[in-house]
Amino acid sequence: MGGCAGSQRRLSDSEGEETDPAPRPPLQDRQGAHWKNAVGFWLLGLCNNFSYVVMLSAAHDILSHQRAPGNQSHVDPDPTPTPHNSSSRFDCNSVSTAAVLLADILPTLIIKLLAPLGLHLLPYSPRVLTSGICAAGSFILVAFSHSVGTSLCGVVLASISSGLGEVTFLSLTSFYPRAVISWWSSGTGGAGLLGALSYLGLTQAGLSPQHTLLSMLGIPALMLASYFLLLTSPGSQDLGGEEEAEIAAQQPLINSQATELKPGSSSHLSLRERWTVFKVRTVVAVFELLFFRNTFLSHAQQYRWYQMLYQAGVFASRSSLRCCHIRHTWALALLQCLNLAFLLADVWLSFLPSIYLVFVIILYEGLLGGAAYVNTFHNIALETSDEHREFAMATACISDTLGISLSGLLALPLHDFLCRLS
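Here the residue numbering is sequential within each chain, running from 1 through the sequence in written order. Totals for whole chains, interfaces and linings use every residue, but because this is a predicted model, local features are given only for residues with pLDDT of at least 70 and side-chain atom pairs only at 80 or more, for both listing and counting. To get the side-chain values, take all heavy atoms of the structure and skip hydrogens and water.

Chemist: How would you sum up unusual backbone geometry? Please name residues and give values.
Modeler: At Ser-350, a residue that is not glycine, the phi angle is positive and equals roughly 55 degrees. Its place among the elements puts Ser-350 in the loop between α16 (330-349) and α17 (355-383). Each helix is a run of H or I in the DSSP string that is no shorter than four residues. Each strand is a run of E no shorter than two, and both are numbered from the N terminus.

In C-alpha cells, the structure reads:
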C-alpha cells in the first residue's frame, strides 16, 4: 500500500497533475498510515544524518591517515599515534579536526542558502535519489582513499547528501501531520548515536576503518527504501480536518504558491529562536584538544568516545519532545555558551582531574544541542501558518548550519594557537 501510494505521489511530482480529493479513509487505514509515516520519517532522519556523523567520528583517523601500507584489510584501528607537534601537550594533528567539520558542513550550508532560490523546481524523488547516491559515494571514497585530500572529498559528498536530504525532508513534513517532526528529529538523533557508536564499536573490535565504512553502505539503501516504499501519499493524510490543509496536500509538492513566498514569510521565528538554532558547535570542534595522557584510551579512542557521548545526548533530547516541550529555547543556547567557556578553560588550564568528568560534560552538551534543535522546529510548526510552514522549515535550518560553519572556522586558528603552547 505504501509503495503504491508513494508511486502515485512521485508521478504527481513529475507531471504536476492535480487529482480530485479522495474520500476520507477509514480509521484503521488512517492509523496504519500514521505509523508508516512515523517509522518512515524516523528512518529518513536516521539515514540522512548517518554519513555526516560517521565522518565526524572518523575525523581523527582521516587526518592521522592511520593506515598501514600495502594490505589495508589488516589495519590496526588504534596504532600508537605519532604526534605531529611533539612540543605540544595536546598531541595535535597538523590540521585541526575542524577541517573535517568544515568539509562536512560547508556544502550543506551552500545547499541550504541556494535551496529557496530554485530547489523547488526539482521534484522530491530525484532529490532523494541524489542524496542516497552521494551518501554511498562518501563511504566508498573515504574507505579507499590514500590521502587526506581525497578523504575530505568523500566528506564533502557526505555533506551534500545530508544537506540536500535535510532541506528536502523538512520541507516534506509540511504535508504530513505535525507529529512527524518529532519522529524526524528523533531519527536524526538516532543517527548521531548509532553512527558514532557503530564506528566506535567496530573499530574497537578490531575492524579496519576501511571495512567499517564499507559495512555502512546499507544505510543509503535503507533511506531510499523508506522514502519510495514506506511513506504514504501526502494526499491521504488527515492534517486536522481543515479544508485548506487537505486541498494543499493534494497539490504537487513544492507547488507554485510555495515558490512565491519571500524570506519574510518565516517572520514567526523569533530572534531568540534564531539565536538558538545558530548554536555553538565550537565545543565539538575542540574535542581533539581534550586529551588525557594518563588513561587506558588512546587519543583516537578518546575522540571517538567524545563523539559517541555527544551524539547519545543529542539522541535522548531529540526524542524527548512528547515528554518535555521547551518554549524558551534561547536559554539552551546560553547554557551551550557557558559549556564552551568551561571546556576552553580546561583546555587552557587542564584543571579537570579525570576524563570521566569530561564525558559527563560532553553528554550534557549533547542534551542541550538536541533539545534546542527539536524544540525550535516544533515551535516553528506550531506558530507558522500552513501555507508558510514548508518555506519556514527549509529556511530556518540555515541558521543551524551557519553556526556550525562559523564554529569550525573559529576552531581552526584556535587549534593552531593552542597546539603551539608548550
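Chemist: An account of the packing of aromatic side chains is needed here, citing residue identities and associated values.
Modeler: A pair of aromatic rings is counted whenever rings of Phe, Tyr or Trp (Trp by its six-membered ring) have centres within 6.5 Å, and the orientation is called stacked for planes under 30 degrees apart, edge-to-face for over 60 and tilted otherwise. Going through the model one piece at a time under the given rule, you end up with 10 aromatic pairs. Their ring planes at 50 degrees and their centres at 6.5 Å tell us that Phe-169 and Tyr-227 sit as a pair that is tilted. A residue pair is termed long-range when its members are at least 10 positions apart, and Phe-169 in helix α7 (residues 148-172) and Tyr-227 in helix α10 (residues 218-230) qualify at 58 residues. The buried label goes to any residue with under 20% of its type's maximum accessible area, the exposed label to any with over 50%, and the partly exposed label to all in between, with areas taken from a 1.4 Å probe on protein chains only. The exposure class of Phe-169 is buried, given its relative accessible area of 0%. By the ring-pair criterion, three or more aromatic residues cluster together here, those being Phe-169, Trp-184, Tyr-227 and Phe-228. Our definition puts a charge over a ring when NZ of Lys or CZ of Arg is within 6 Å of the ring centre and also within 35 degrees of the ring normal. Here Arg-127 stacks its cationic end above the ring of Tyr-124, 4.5 Å away from the centre of that ring. Sitting over the face of the ring of Tyr-373, Arg-318 holds its NZ or CZ atom 3.7 Å from the ring centroid.

Chemist: Please set out the environment of Leu-410 residue by residue, giving values where relevant.
Modeler: Here Leu-410 is to be found in helix α18 (residues 386-419). Judged by relative accessible area, which is 59%, Leu-410 ranks as exposed. Linking Leu-410 and Ala-98, residues 312 residues apart in sequence, is a C-alpha distance of 8.8 Å.

Chemist: Outline the UniProt feature "transmembrane region" (unreviewed entry) in the chain, supporting the account with residue identities and numerical values.
Modeler: UniProt positions are given in the numbering used here, feature names are shortened, and annotations may be inferred rather than shown by experiment. The sites that UniProt annotates as "transmembrane region" (unreviewed entry) are residues 39-59, 98-122, 134-160, 180-200, 212-230, 330-349 and 355-374. Within the segment residues 355-374, helix and strand shares are 100% and 0% respectively, and the terminal C-alpha atoms sit 29 Å apart.

Chemist: Any details on the pattern of salt bridges? Residues and values, ideally.
Modeler: Oppositely charged side chains may form a pair once their charged atoms are brought near each other. We define a salt bridge as a side-chain nitrogen of Lys or Arg found within 4 Å of a carboxyl oxygen belonging to Asp or Glu. Within the structure shown, the criterion is met by two salt bridges. Among the salt bridges present, the one from Asp-61 reaches Arg-304, with a minimum N-O distance of 2.8 Å. One end of the pair, Asp-61, is in helix α3 (residues 59-64); the other, Arg-304, is in helix α15 (residues 299-318), and 243 residues separate them in sequence. On the accessibility criterion, Asp-61 (8% relative accessible area) is buried.

Chemist: A description of the packing of helix α5 (residues 106-118) against α7 should follow, citing residues and the corresponding values.
Modeler: Taken N-terminus to C-terminus, the directions of α5 and α7 make an angle of 35 degrees; their axes are 7 Å apart at the nearest point. The hand of the α5/α7 crossing is right-handed. Here Leu-106, Pro-107, Thr-108, Ile-111, Lys-112 and Ala-115 of α5 come into contact with α7, specifically with Val-156, Ser-159, Ile-160, Ser-162, Gly-163, Leu-164, Glu-166 and Val-167. The residue classification treats Ala, Val, Leu, Ile, Met, Phe, Trp, Tyr, Cys and Pro as nonpolar and Asp, Glu, Lys and Arg as charged. All others, Gly included, are polar. Grouping the amino acids of the contact of α5 with α7 by side-chain chemistry returns eight nonpolar, four polar and two charged. Axes, fitted as lines to C-alpha atoms, cover a helix only where it is in contact. Angles between the N-to-C directions of the axes lie from 0 to 180 degrees. The hand of a helix crossing depends on one turn: near helix anticlockwise from the far one by less than a right angle means left-handed, and clockwise means right-handed. Two residues qualify as a contact provided that any one of their heavy atoms is within 4.5 Å of a heavy atom in the partner residue.

Chemist: Describe the side chain of Ser-145, and please don't skip the residues or the numbers.
Modeler: When you line up the elements, Ser-145 lands in the loop between α6 (124-143) and α7. A relative accessible area of 1% means that Ser-145 is categorised as buried. Polar side-chain contacts of Ser-145 include one of 2.6 Å to the backbone oxygen of Ser-147. N or O atoms within 3.5 Å of each other form a polar contact, as long as, within protein, one can give a hydrogen and the other can take it, and as long as residues adjacent in sequence are counted only when both atoms are side-chain atoms.

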